[in-house]
Amino acid sequence: MAIDSQKFYTRCLFLAAATLLLWVHPSSLPLLFSPQISVQKSVAQTPTARETQKSAAEKLYQAATEQLNRGEFLAALKTFEQVLATIRQINYPQAEAATINQIGLVYNNLGEFQKALSYYRQALTIFQQQKARKEQGTTLINIAAVYRNLGQYQKALEFYQQAAALRCEMKDIRCQAVTLNNMAAVYDNLGQYQKALEFYQQALAIFEKVKDSRGKGTTLNNIGLNYGIQGADREALSYYKQALAILETAGDRMGVGRTLTNIGFAYSNLTEYRTALEFLNRALKVRREIGDRPGEAVTLDRMGTVYRDRQNYPAALQFYDRALRIFQEVNNRPGAGYTLSNIGATLLKSGKFIEATKQLIAAVEVWESLRPGLTDENKVSLFEKQAETYSLLQQALIATNQITAALEIAERGRARAFADLLASRLDNNKSEQLQLVKPPTIAEIKRIAAAQKATIIEYSIVGGKLYIWAIAPDGNIAFRQIDTSNLENSLSDLAKQTLVAAATGRSRGSAAPTPANLAPDTRARERANNSIGVSPRKINYRLRQSYKLLIEPIANLLPKNPDDRVIFVPQGVLFLIPFAALQDAAGNYIIEKHTVSIAPSIQILDLTRQQRQRQRSRPKSQVLVVGNPTMPSIRMTPTEMPTPLSPLPAAETEAIAISNILGTRAIVGKDATERAIVREMPQAKIIHLASHGLLNELPDRDFGVPGAIALAPDFVPPISPYQNGVQSAISFDSGDAAGDGLLTSREILNLKLNAELVVLSACNTGRGKISGDGVLGLSRSFIAAGVSSIVVSLWFVPDAPTADLMVEFYRQLQQNSNKAAALRQAMLATMKRHPQPSNWAAFISIGEAE
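Residues numbered from 1 in each chain as written. Predicted model: local features only at pLDDT ≥ 70, side-chain atom pairs only at ≥ 80, totals over all residues. Heavy atoms only, no water.

Novice: For this particular structure, what's the right way to read the overall build of the protein chain?
Specialist: In terms of regular secondary structure, the protein chain is built from 32 helices and 20 strands. Evaluated residue by residue, the protein chain yields a buried proportion of 62% over its 850 residues. Within the protein chain, residue pairs in contact and separated by at least 24 positions form 73% of the contacts whose partners lie at least 6 positions apart. (Helix = DSSP H or I, 4+ residues; strand = E, 2+ residues; numbered from the N terminus. Buried < 20%, exposed > 50% of the residue type's maximum accessible area, 1.4 Å probe, protein only. Contact = heavy atoms within 4.5 Å.)

Novice: Looking at this structure, how should I read the pattern of salt bridges?
Specialist: When charged atoms on two side chains of opposite charge get close, those side chains can pair. Across all of its chains, the model carries 25 salt bridges by this definition. Residues Lys-285 and Glu-289 are paired through a salt bridge, measuring 2.6 Å at the closest nitrogen-oxygen approach. Of this pair, Lys-285 and Glu-289 both sit in helix 13 (residues 273-290), separated by four residues, roughly a single helical turn. Exposure remark for Lys-285: the relative accessible area of 53% places this residue in the exposed category. Among the ionic pairs, Arg-811 bridges to Glu-808, the shortest N-O distance being 3.2 Å. Of this pair, Arg-811 and Glu-808 both sit in helix 31 (residues 799-815), separated by three residues, roughly a single helical turn. (Salt bridge = Lys/Arg side-chain N within 4 Å of Asp/Glu carboxyl O.)

Novice: How do you make sense of the side chain of Asp-584 when you look at a structure like this?
Specialist: By the secondary structure assignment, Asp-584 is in the loop between strand 4 (565-569) and helix 25 (590-593). According to the relative accessible area criterion, Asp-584 is buried, its value standing at 9%. Of the polar contacts made by the side chain of Asp-584, one reaches the backbone nitrogen of Ala-586; its length is 2.9 Å. At a separation of 2.9 Å, a polar atom in the side chain of Asp-584 contacts the side chain of Lys-593. (Polar contact = N/O pair within 3.5 Å; in protein donor to acceptor, adjacent residues only side chain to side chain.)

Novice: In this structure, what is going on with the packing of helix 10 (residues 213-229) against helix 12 (residues 253-269)? I would like to understand it.
Specialist: Angle between the axes and distance between the axes: these two values describe a pair of packed helices. Across the interface, helix 10 lies against helix 12 with an axial gap of 11 Å and an inter-helix angle of 25°. As judged from the angle between their axes, helix 10 and helix 12 are roughly parallel. Crossing handedness for the pair helix 10 and helix 12: left-handed. Together, Asn-221, Leu-225 and Gly-228 of helix 10 and Thr-259, Asn-262 and Phe-265 of helix 12 make up the contact between the two elements. Grouping the amino acids of the contact of helix 10 with helix 12 by side-chain chemistry returns two nonpolar, four polar and no charged. (Axes fitted to C-alpha atoms, helices over the stretch in contact; angles between N-to-C directions. Parallel < 35°, antiparallel > 145°, perpendicular 65-115°, else oblique. Left-handed = near helix turned anticlockwise from the far one by under 90°. Nonpolar A, V, L, I, M, F, W, Y, C, P; charged D, E, K, R; others polar.)

Novice: Explanation requested: the sheet that holds strand 11 (residues 693-694) in the structure shown.
Specialist: Two pairing modes exist for strands in a sheet, parallel and antiparallel, and in both the strands are linked by backbone hydrogen bonds. Strand order in the open sheet formed by three strands is 11-12-15, and the pairing between neighbours is antiparallel. At either margin of the open sheet sits one strand with a lone partner, and together these are strand 11 and strand 15 (742-744). Of the pairings in the sheet, the one linking strand 12 (residues 708-710) to strand 15 comprises three bridges and is antiparallel in character. The partner of Ala-710 across the bridge, within strand 15, is Leu-742. (Pairing = 2+ DSSP bridges.)

Novice: I keep staring at the pairing of strand 3 (residues 477-483) and nothing clicks. Help me out?
Specialist: Side-chain direction in a regular strand flips from residue to residue, so the side chains alternate between the two faces of the sheet. Bridge count between strand 2 (residues 465-471) and strand 3: seven bridges; the pairing is antiparallel. Note that in strand 3 the partner of Trp-469 across the bridge is Phe-479. The turn linking strand 2 back onto strand 3 is made up of five residues, and Gly-475 within it adopts a positive phi angle of 95°.

See the structure below:
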C-alpha cells in the first residue's frame, strides 16, 4: 500500500500514541482475597476483625475496578489507595501486589509513566516472591506498555517477550493474545507494519475463540490503525466501525475515545473534514470526561491537522500547542515529537521559516533520543517514520539561506543506523544496539572530503525539490536546487527507467528469459534489448535525461582531471541510478570523464576509511577467489519442484584468470561449498565471488534483509509438506541456513571480516530494499561485517562481458591500488569490446577506494 508522505506525520502520531493497549484488568486476575490464600496469623487481631477488613477490602477493590473500567481514573486511584492501606494492615502480600499493580495502571492511564513504572516494579517483586506466575505475566505486560509510551521500544519488546514466554509455559491462551496485540503495537511504532499485522491477526483469532469482546474490539481498532498508516483509509474505517460497536457495548470508554479519534483521523485523510471534526469532538469529550490526558493530546493534535489541511494555520497552531503541552506534561516523547513536527510543518506552510526551524530541530532531538537501545533492524524501521522531519527542516533552512546547516541535517537524516552499527563494531562494542554515533559537523564534512581527496556530491529529495551539495577537497561547498515537480515522469519513475535503459542485454548465466520466470525489470530490459540497438555514441534518452537532472547543474563543479574522484551520495530512488552510464550532450558517458564511486552517506565514507586503517594494522595475506560453484536448487514458482541454478562457465574462467593474477588457487564447482567459503572469509584480504546473485525472488524463501550469493550447498534442504495446496521448502533462519548454498545478507551481517576488498561478480548484488538508511542488502551487510570496500552490480549482468571486466579490473588493481580508478579503467577497456552499457556499467564501487 502506498503511503502519502504529506499525511505521514499525522498517521504516525496515532501509531505512536493512540494504539489501544490491552492490559490485563483486575477482573481477569484471580480472587486475590480468597480465604484459600495463606494468611499470616496476628496475635494483635482476632480472626473476626481480620475477616471484616478483608471483606471491606474486597468490596473496595471491586468498586475501584469498576471505576477504572469506566475511565474514572482519579476516583479509582483514591479507592485503590484505601484498599492498599487495609490489606497492608492484615498482611496479604499477593493482594497487596495486585493492588499496587492496579495503582500503576491508573498512573499509566493518567500519563504519569515514571510513577506507573515504580508501582509495577514493586508489584513484580512481590509476585516473584509469592511465585504468582500469572500475575508476573500481567505486570510484565504493564511494564512493557510504559516503556512503549516512553518510546523505549526495545525494552518494551523485551518485557513483552518475557511475558509471552511465561504465558506459553502456563498455556494461558487469552493472555497470549494480549501479549501478541501489544507486541504488534510496538512493531507498528517501529514501522514494521506487516509484522504487526501478522501479530494482530493471531491475537484476533484467539480473542474470537475465547469470546473476549473487549479484546476483539481492541484488536479490530489496531488492525484499522495498521491499514490507516499505509494509506488504506477506507479499509481502516471498516475495522474502526466494527471496533466502535463492540467497545461501546462492552462499556470500554477509553477504547471508545481512541476509536472515535481514529475514525476522525481516517475521514480527515479522506478530506471529509466536517465529518472528521464531528468524530474528533466526540472523542475529545469522552477523553476529557475519563481523564485520558495522553488520548486528549492525540485528539487535539489531529484536530490541528484538520485545520492545517484546510489552511487555517492559526487555528491549527492553537490545537497543536495544547496537544504539545499535554504530551510534555505526561512525558510522552513520541507524541511530543510528532506534534513538534506538525507545528514545524504548519509554520513552514505559513512562511515562518525561523520559527519552523526551531520547532523542527526540537522534533529531531526527540527522535534521536528514542534510538539508543534499539537493535539495528529496529533503528532502520523507526527512522522511516521520522525521516520527513529532516526533510522539512532542510526546507526551512534553505528558505533562510542556511546552506551548510541544511547539509548537516541532510547528513543527520541518512544512514544513521548504519553509522551506529559501523561505529559499534569499530569500537568492538559487544552491545552494539547501545551505540549512538554523533552525525558530522560541517568542519568534519570538509575534513572527510579532504581525506578522500575527492569531490563529494550529496543529493537530497525534499518534496518537489532536489537539493545538491558539492563539497570540494579544499572545503568549498556549493549548492544547487532543482525543481522536480515539472518532470515528464516522477523522480522515482525516472530512476527506474534510467536503470532499465542502461541494463539492456541478457542476464548473467540465464537462458533466454521467458515471461513465466522473469522479474518485471528483466522483462523490461529484454524488451528494450530486442527493440533498441544501443550504440556506444548514440544518445539514450533516459541516460541523457538523468544526466541533465543530476549532473548538469553541478558539472562545472566537478574536477577536470578524469583521475580525480567524484563520490556520489544518493538518496532514496537515486540509489538505482547507474551514474557511470549517464550521458552528456555529446553522448559521452560520465565514466569517460570522471572516476566515480558511491557512498550511503559522508559519515559512512569516514567510517569505512577507519576500517581500512584498522586493516592496515592487522594485515591479512590470504586471497579468496570463487567461481561457478555447484549451484543450489531453487524454485521459481510456488508449485514447481526445486531445480539447480544454471552453471556459469565464464564465471569459472574469470575466477581462474583472476587467481592467476593474484597468485592463488580458484575454488570452483563442488569445492566451493557455503560452509567452506564462510570459514575462509575472515582470513582473507580480498574476496571475489563469481556466481549467481539473488534478491527476494524466491517464493519459498524470505531472506529478511534482501540479497544472497549462490554457493555449493553442503546439504540438500528438506522439502516441507504441502500447505494450502502448495509444497514449499522449509524456511531457514540465519543460523539454520548455513550450508544450504545461499549465503544471505543476514548471515553475512553476523560475520567478522577484515577484507579490504570484496567483489560480488553476480547479478543485482548492489540492489536491495531502499530505505532512509541506504540500500539494505549485500553491500551494507559486508561493510557492516568489517569490509572497507565493495564492488557490486545494479542489474542482471551478462556472463562473458562481466568476466572480461573483472579480469581487467584486477589487472588494473595491480598497477593502481585505488579501487575506483581500477574499476574505471576496466570499464573503459570493456567498453571497447562490449560497447553497450549493459555490458560494463552495472558495477559500482562503494566505500574506501585506497
